[in-house]
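# Observations on chain architecture
The primary structure of each chain is shown beneath.
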Amino acid sequence: MLVAKLLFNSVISTKGAKFMTLDISNFYLMTPLKRAEYIRMKLADIPEEIIVEYKLREKATPDGSIYIVANKGMYGLPQAGLLANELLEKRLNENGYRQSKLVPGLWKHDWRPIQFTLVVDDFGVKYVGKEHALHLKATLERDYKVTNDWTGNRYIGITLDWDYERRQVHLSMPGYVQKALKQFQHKSTKKKQHAPFPCARINYGAKKQYTTQHSTAPLLDKKGKKYIQQVCGKFLFLGRAVDPTLLCPISAIAAQSAAPTEDTMKHTKQLLNYLATQEEAVLTYNASEMKLAAHSDASYLSEPKARSRAGGHFFLSNNAEIPANNGAILNIAHIIKHVMSSATEAELAGLYIMAREAVYIRIILEEMGHKQPPTPLQTDNTMAEGVVNGKVQSKQTKAMDMRFHWLQDRECQEQFRIYWRPGKSNYADDWTKHHPASHHQAMRPIIFNSNEKAKVAFSKGTKSQSSGHQHPRGCVDLTKIRGATKGTYADALRHGVVKAPLLASQSSLAGNQPNSQGMRGNSHSCPGNPVITV
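First things first, this report covers the structure right here in the doc. (Residues numbered from 1 in each chain as written. Predicted model: local features only at pLDDT ≥ 70, side-chain atom pairs only at ≥ 80, totals over all residues. Heavy atoms only, no water.)

### With respect to the pairing of strand β10 (residues 158-163)
Residues in a regular strand project their side chains so that they alternate between the two faces of the sheet. Of all six residues in β10, six are buried, a share of seventy percent or more. Residues Ile158, Leu160 and Trp162 line one face of β10 and the alternating positions Thr159, Asp161 and Asp163 line the opposite face, and both faces are buried. With two bridges joining them, strand β9 (residues 154-155) and β10 adopt antiparallel strand pairing. Residue pairing across strands places arginine 154 opposite threonine 159, the latter belonging to β10. Joining the antiparallel neighbours β9 and β10 is a turn of two residues, in which isoleucine 156 adopts a positive phi near 45°. Two elements, β10 and strand β11 (residues 168-172), share five bridges in a ladder whose sense is antiparallel. (Buried < 20%, exposed > 50% of the residue type's maximum accessible area, 1.4 Å probe, protein only. Helix = DSSP H or I, 4+ residues; strand = E, 2+ residues; numbered from the N terminus. Pairing = 2+ DSSP bridges.)

Here it is in structure tokens:
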């Protein structure tokens, strides 16, 4: 998914580029096997009409079995996927298409301006000039039955609304949440839920901060445990694809899923209420210079068993001193395995985790043809920034010493440029702790890179048929906008009814920053009623 998201950004950031999709039908079934496989089936397992149609009783053995010879791939055959992929690669190589040696799934032609990502038998194709896309299509059609979509509106389960004029693409998954809520038989609440997970209680004026206590609630049975695991698995894909606000709560719930309690079930129900009452997630990417940028943050001792949490926000921007925000290509909500001895060590561990991820992303971008300067990596901890940049020499543990030298070495290699900015301008803070509802309300439009004020202006309309809320899954009555029966917020963006912010090289990050009291990265306490303006 990461490679696909980078390709989406590359399309809108490359002049004259377009996106289309190709799909091979019966991919496994069309692949010859290197040697035949034999299957034995009992007549009792075969429907009577099939037995009569093919006169199987005449071919059956005395014990009532039928032996079948398989000469081509079939579903369920362990080697079918590998053989199909190897044959496809051989045929593509013969026509000048080669897979990257460093990035599996990324393909380029020897000289044509065309790139594509391959997920099993689904091609997401970036091309400059339709004749090059037609060449790939013709190459595949020699050996396979191929279906194509020149609009490129759907790929790997994500709906893509392309706006080539404004050089934007809007990612969404319409209907995914409603189907999932129906699957889990969740009853929607009348009250709108803005926080996906309970925030730690705020003790104003307290001189001490107490650790998060283990739940003493009764353990759930096997059915409840399976329910929680299914919810985490179902919405993790949504969180990674288009709705990163789900990653931190899912991480917290999944950490309890081995031995879930009734409190875990309450947290899961709150997450489902959040999904049921919030508007549909639409993630917007703007054209940029395809330079990677990242924010890193950590919360100290914010998880049970004295663990800390690291958060990261990765996006593509312009080559500027302070890169302007864009839609996230990757967000990380990670509980640090080891116990940190200080807030600085937690922040240093966060920088280390984000830098490791950034190394691979840089490789992908270089393979796509987008050269990378030293990647700006923002932190809000002055001590951690000082340690890495050689401004501070502190007494270190072995783990801290390793991360410190690794980060320094990478910075000396000009892979990274680690710099400090205040906590309120660090977007990674959203994935380091559980925030109050007011924070989530203010940050959603910034995370999705959308213009919330424009959406609110069009929020008057009819009630949703699924609940009593006005447009709980989208603020605009798009059926009136399009004159159709279906629509998404991305349609409104494309038709100019609402507008997402553009990313320009002249834009300053300060113009996109929340005006808030913010939250310090080295504290696990939640802020008191932060006020953020958009």
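Next comes the rest of the write-up.
### Here's the deal with the environment of phenylalanine 314
Relative to the elements of secondary structure, phenylalanine 314 occurs in strand β14 (residues 307-317). The sequence separation of phenylalanine 314 and alanine 358 amounts to 44 residues, and the corresponding C-alpha distance is 8.1 Å.

### With respect to the sheet that holds β11
Strand order in this open sheet of four strands is β9-β10-β11-β12, and the pairing throughout is antiparallel. Two strands lie at the open edges of the sheet, namely β9 and β12 (283-286), each paired on one side alone. Of the strands in this sheet, β9, β10, β11 and β12 touch helix α1 (residues 2-13), which is tilted by about 45° from β12. (Contact = heavy atoms within 4.5 Å. Axes fitted to C-alpha atoms, helices over the stretch in contact; angles between N-to-C directions.)

### Digging into the packing of helix α6 (residues 222-241) against helix α7 (residues 247-255)
A packed helix pair is summarised by two numbers, namely the angle formed by the two axes and the spacing between the axes. Close contact between α6 and α7 brings their axes to 10 Å; oriented N to C, the two are set at 155°. With respect to α7, the axis of α6 lies roughly antiparallel. Read as a crossing pair, α6 and α7 show a hand that is left-handed. Here α6 contributes Ile228, Cys232, Phe235, Leu236, Gly239 and Arg240 to the contact with α7, which in turn contributes Leu247, Ile250, Ile253 and Ala254. The residue inventory of the contact of α6 with α7, partitioned by class, reads eight nonpolar, one polar and one charged. (Parallel < 35°, antiparallel > 145°, perpendicular 65-115°, else oblique. Left-handed = near helix turned anticlockwise from the far one by under 90°. Nonpolar A, V, L, I, M, F, W, Y, C, P; charged D, E, K, R; others polar.)

### Notes on the pairing of strand β15 (residues 328-335)
Of all eight residues in β15, six are buried; the element is thus mostly enclosed. Of the strand pairs in this sheet, β14 and β15 are connected by seven bridges, and their pairing is antiparallel. Residue glycine 311 lies in a different strand from β15, and its bridge partner there is alanine 333.

### Details of the environment of tryptophan 406
One can find tryptophan 406 in helix α11 (residues 398-412). Classification of tryptophan 406 by relative accessible area gives buried; the value is 19%. For the pair tryptophan 406 and alanine 355, spaced 51 residues apart in sequence, the C-alpha to C-alpha distance is 9.6 Å. Beyond its immediate chain neighbours, meaning those up to four positions away, tryptophan 406 contacts Tyr352, Ala355, Arg356 and Val359.

### Looking at helix α3 (residues 80-93)
Counted at 1.5 Å a residue, the expected span for α3 with its 14 residues is 20 Å, and the 20 Å between its end C-alpha atoms agrees. Taken as a whole, α3 has its buried residues at Ala80, Leu83, Ala84, Leu87, Leu88, Arg91 and Leu92. For α3, the arc enclosing every buried residue in end-on projection is 165°, short of the 170-degree limit, so these residues lie on one face. Among the exposed residues of α3, those oriented more than 90 degrees off its buried face are Leu82 and Lys90. (Expected span 1.5 Å × (residues − 1). Arc of directions from axis to C-beta.)

### Quick look at the packing of aromatic side chains
How two aromatic rings sit relative to each other is set out by the distance from centre to centre and by the angle between their planes. Throughout the structure, instances matching the rule amount to 17 aromatic pairs. Taking 5.9 Å as the distance between ring centres and 40° as the angle between the ring planes, the aromatic pair formed by tyrosine 28 and tyrosine 75 counts as tilted. Here tyrosine 28 is found in the loop between β1 (18-25) and β2 (32-42), whereas its partner tyrosine 75 is found in the loop between β3 (65-72) and α3, with 47 residues between them in sequence. By the ring-pair criterion, three or more aromatic residues cluster together here, those being Phe8, Phe19, Tyr155, Trp162 and Tyr164. Of note, lysine 18 hangs over the ring of tyrosine 164, and the distance from its end group to the ring centre comes to 5.1 Å. In this arrangement the basic side chain of lysine 130 is found over the ring face of tryptophan 150, its NZ or CZ atom lying 4.7 Å from the centre. (Phe/Tyr/Trp six-rings, centres within 6.5 Å; stacked < 30°, edge-to-face > 60°. Lys NZ or Arg CZ within 6 Å of the ring centre and 35° of its normal.)

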